[in-house]
Amino acid sequence: MKPIQILVEKNVPCEMRDGVILYADIYRPNEEGTFPVLLTRLPYSKDLPHYSHRYLDTNRLVENGFVVIIQDVRGRFQSEGEFQSFRQEANDGYDTVEWAASLPFSTGKVGMFGMSYYGYTQLMAATKRPPHLAAIFPAMTLNDQRNGASYRNGVYQPGFTETWTLESIAPDLLMRKYGEPKKRADALRSLADQLNKLDELYQFAPVNQWLPLKELKVAEFFFEELEHPIEDDDYWKESSIIDKYEDLQIPAYHLGGWYDCFIGPTLTNYSEMTKTGKHQKLIVGPWGHGYFASIQGECSFGVHASGDWIDLGGNITDLHIRWFNHWLKGIDIGLEAEPPVRIFVMGINEWRDEWEWPLARTQYTNFYLHSSGKANTKNGDGELSLMCPVDEAFDSYLYDPKNPVPTKGGSTLFAGPLTMGPFDQREIEEREDVLVYSTEPLTEAIEVTGQVKVKLWASTDAKDTDFTAKLVDTAPDGKALILTEGIVNAKYRNGFQPEKELTGEVVEYEIDLWATSNVFLQGHRITLEISSSSSPHYLPNPNTGNSLVESKQTRTAKQTIFHNEQYPSKLILPVVPVDK
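Residues numbered from 1 in each chain as written. Predicted model: local features only at pLDDT ≥ 70, side-chain atom pairs only at ≥ 80, totals over all residues. Heavy atoms only, no water.

The protein chain carries the name CocE/NonD family hydrolase in an unreviewed UniProt entry, which gives Bacillus salipaludis as its organism.

Asks: Explain helix 6 (residues 181–196) here, please?
Replies: Residues three or four positions apart in an α-helix share a direction because the helix packs 3.6 residues into each turn. Compared with an ideal rise of 1.5 Å per residue, which puts 16 residues at 22 Å, helix 6 spans 22 Å between its outermost C-alpha atoms and is within 8% of the ideal. Taken residue by residue, helix 6 has Ala-187, Leu-191 and Gln-194 as its buried positions. Buried residues of helix 6, viewed axially, fall in a sector of 60 degrees; they line one side. Facing away from the buried surface of helix 6 by more than 90 degrees, the exposed residues are Pro-181, Lys-182, Arg-189 and Asn-196. Against the buried residues of helix 6 lie helix 5 (158–177), helix 7 (198–201) and helix 8 (211–216). Where helix 6 begins, the capping side chain belongs to Glu-180, and its oxygen is found 3.2 Å from the backbone nitrogen of Lys-182. (Helix = DSSP H or I, 4+ residues; strand = E, 2+ residues; numbered from the N terminus. Expected span 1.5 Å × (residues − 1). Buried < 20%, exposed > 50% of the residue type's maximum accessible area, 1.4 Å probe, protein only. Arc of directions from axis to C-beta. Contact = heavy atoms within 4.5 Å. Polar contact = N/O pair within 3.5 Å; in protein donor to acceptor, adjacent residues only side chain to side chain.)

Asks: Hey, could you run me through the sheet that holds strand 14 (residues 350–354) in this one?
Replies: Paired through their backbone hydrogen bonds, the strands of a sheet run either parallel or antiparallel. Taken together, 10 strands build an open sheet; the order of strands is 1-2-4-3-5-6-9-10-13-14 and the sheet is mixed. Each having just a single partner strand, strand 1 (6–15) and strand 14 make up the two edges of the open sheet. Put simply, the sheet's adjacent strands are angled 20 degrees from each other on average, direction ignored. Where strand 9 (residues 252–259) and strand 10 (residues 280–288) come together, seven bridges link them in parallel fashion. Following the sheet pairing, Ala-252 is matched in strand 10 by Gln-280. On the sheet, helix 4 (residues 117–126) packs against strand 3 (35–42), strand 5 (106–115) and strand 6 (133–139) and is oriented at approximately 135 degrees with respect to strand 5. (Pairing = 2+ DSSP bridges. Axes fitted to C-alpha atoms, helices over the stretch in contact; angles between N-to-C directions.)

Asks: Help me understand the domain arrangement of the protein chain in this model?
Replies: Often, the extent of an interface is quoted as the loss of accessible area upon association of its parts. In terms of domain boundaries, the protein chain breaks down into domain 1 (6–147 + 238–354), domain 2 (155–229) and domain 3 (363–576). Look at where the C-alpha atoms of domain 1 and domain 2 centre, and you get two points 28 Å apart. Each partner contributes residues to the interface: domain 1 has 16 residues there, and domain 2 has 10 residues. A buried area of about 1,000 Å², summed over both sides, lies between domain 1 and domain 2, and 49% of it is on carbon and sulfur atoms. Of all residues in domain 1, Tyr-44, Arg-76 and Phe-83 give up the largest surface area on contact with domain 2, accounting jointly for 38% of the area buried on that side. Joining domain 1 to domain 2, the criterion identifies nine residue pairs in polar contact (both at pLDDT 80 or more). (Domains from an automatic or database assignment. Buried area = accessible area lost by both parts, 1.4 Å probe.)

Asks: What am I meant to see in helix 3 (residues 89–102) here?
Replies: Its 14 residues give helix 3 an end-to-end C-alpha distance of 20 Å, which sits within 8% of 20 Å, the value for a rise of 1.5 Å per residue. With 11 of 14 residues buried, helix 3 lies mostly within the body of the structure.

Asks: Can you help me understand the pairing of strand 6 in this one?
Replies: Remember that side chains alternate between the two faces of the sheet whenever the strand is regular. With six of seven residues buried, strand 6 lies mostly within the body of the structure. Pairing of strand 5 with strand 6, which is carried by six bridges, proceeds in the parallel orientation. Considered in strand 6, the bridge of Gly-114 is made with Pro-138. Between strand 5 and its parallel partner strand 6, the chain crosses via helix 4, and the hand of that crossover is right-handed. Summarising the sheet, strand 6 and strand 9 pair through two bridges and their orientation is parallel. The partner of Ala-139 across the bridge, within strand 9, is Leu-255. (Right-handed = clockwise from strand over helix to strand, strands pointing away.)

Encoded structure:
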């Protein structure tokens, strides 16, 4: 096969409907003819290979007969305009797709690819139904900023939001703001100083006066978002797709990771978009956000788990080529007859194909909380079992927002990739403000694949507070690896509309731990941790009825967890029958 030369055109202008010019780099085969276009739109610079090419070999895309276009979104790097996080991407995406389709070397068929922010630029563009957009491949992305980005179940996420804004967005804003070399150098040096003490800055309150961005005087959108409470639907819906799934009439290949900060939205996007009747596919590996290695956290899942191998059957670039060959070139390889879902099952560390998500054979099973009132720490008497509780003492702990439970692994995104993934929780489980409930060592393996929830009956002496839940696989040697976790804010326990302040009543909270796929092996224990904080993943609740977003006042709260006949707190696991 003759090697294909690649032509590169830098800073090609594309005019938006309001006259703003966005700039793109174009990579195309040095051959006569027309080719389908693969487009990505990102805020991290088209000129930086780590971001613009990231987990894909874009040269291979071109060598396989595609034009690849990488565009700086509005207000970023080479492109004109003002950057507003997510809010301008629907219309700009539509305009760019139609421009790409009109290029003289284009067949008129356009696909989109990209992860995280540039996974979402695909979905936002697709809600506008550009006529020439034929298929998309959104990886590890969201569906609403209040669902895993800025917030989760009513709780602000400083680890994600502050890190992303300061580390990924602020540098270019400073470059654009300061043209004079010395002022620019001073500003970037100040930014570096702030980044070096980010762990300390996560504790800064109130967040609406967050010191680094106030001093740097950039990223006003960060503070604008804080001015809008999550119940302000008109504001947040502009950057949301949760009420626009019917408009997403397009084939989509969804890529996720069990330790990705957007695994919940990714799975929801797949499930909801299957209802449109357009072909959808889903693959979920044991990966963290943008991190496709076979080693995640403190666990190795085997070489075949890597995004470079995927069970020795190809890599992530291969998946893209097959997908876009089908939808943009009409090459029939039996794609639509294949099982649409592929998941990596941890514990046994195997890839498996499935015909639906969630799995039809799932047996949702209640594991009830038990103790004699001393479930605090891993050395307490907390138990999980299939037996319903009858007459049992409650468990309690003091939650101090000035001494929150530290985040250790899980589906996080802050301070670098090694903060995410399966990390040992034994140190966390030594804290008195962490309740630990475990099954007896399993006499046979149990597979848990699907959505995990906790129904928690609890009271507090605070006006408002949070409760957290964490699912852990505890090995015979005591190593306790986090699988998935969740949080709920009492004020927003029933959605985006606030509830009245608490007055000591017993309330049932549903904590959505999103999803996992793991086989708890024989001899292992299923463990559930209950607490009220995980910092800096979540902003500690001050227990005052206000938030550390706008206040720095705090107080301790006495939290009481009930598990009896009247208030049967439980962990609900999606148990899948294990083949024997």
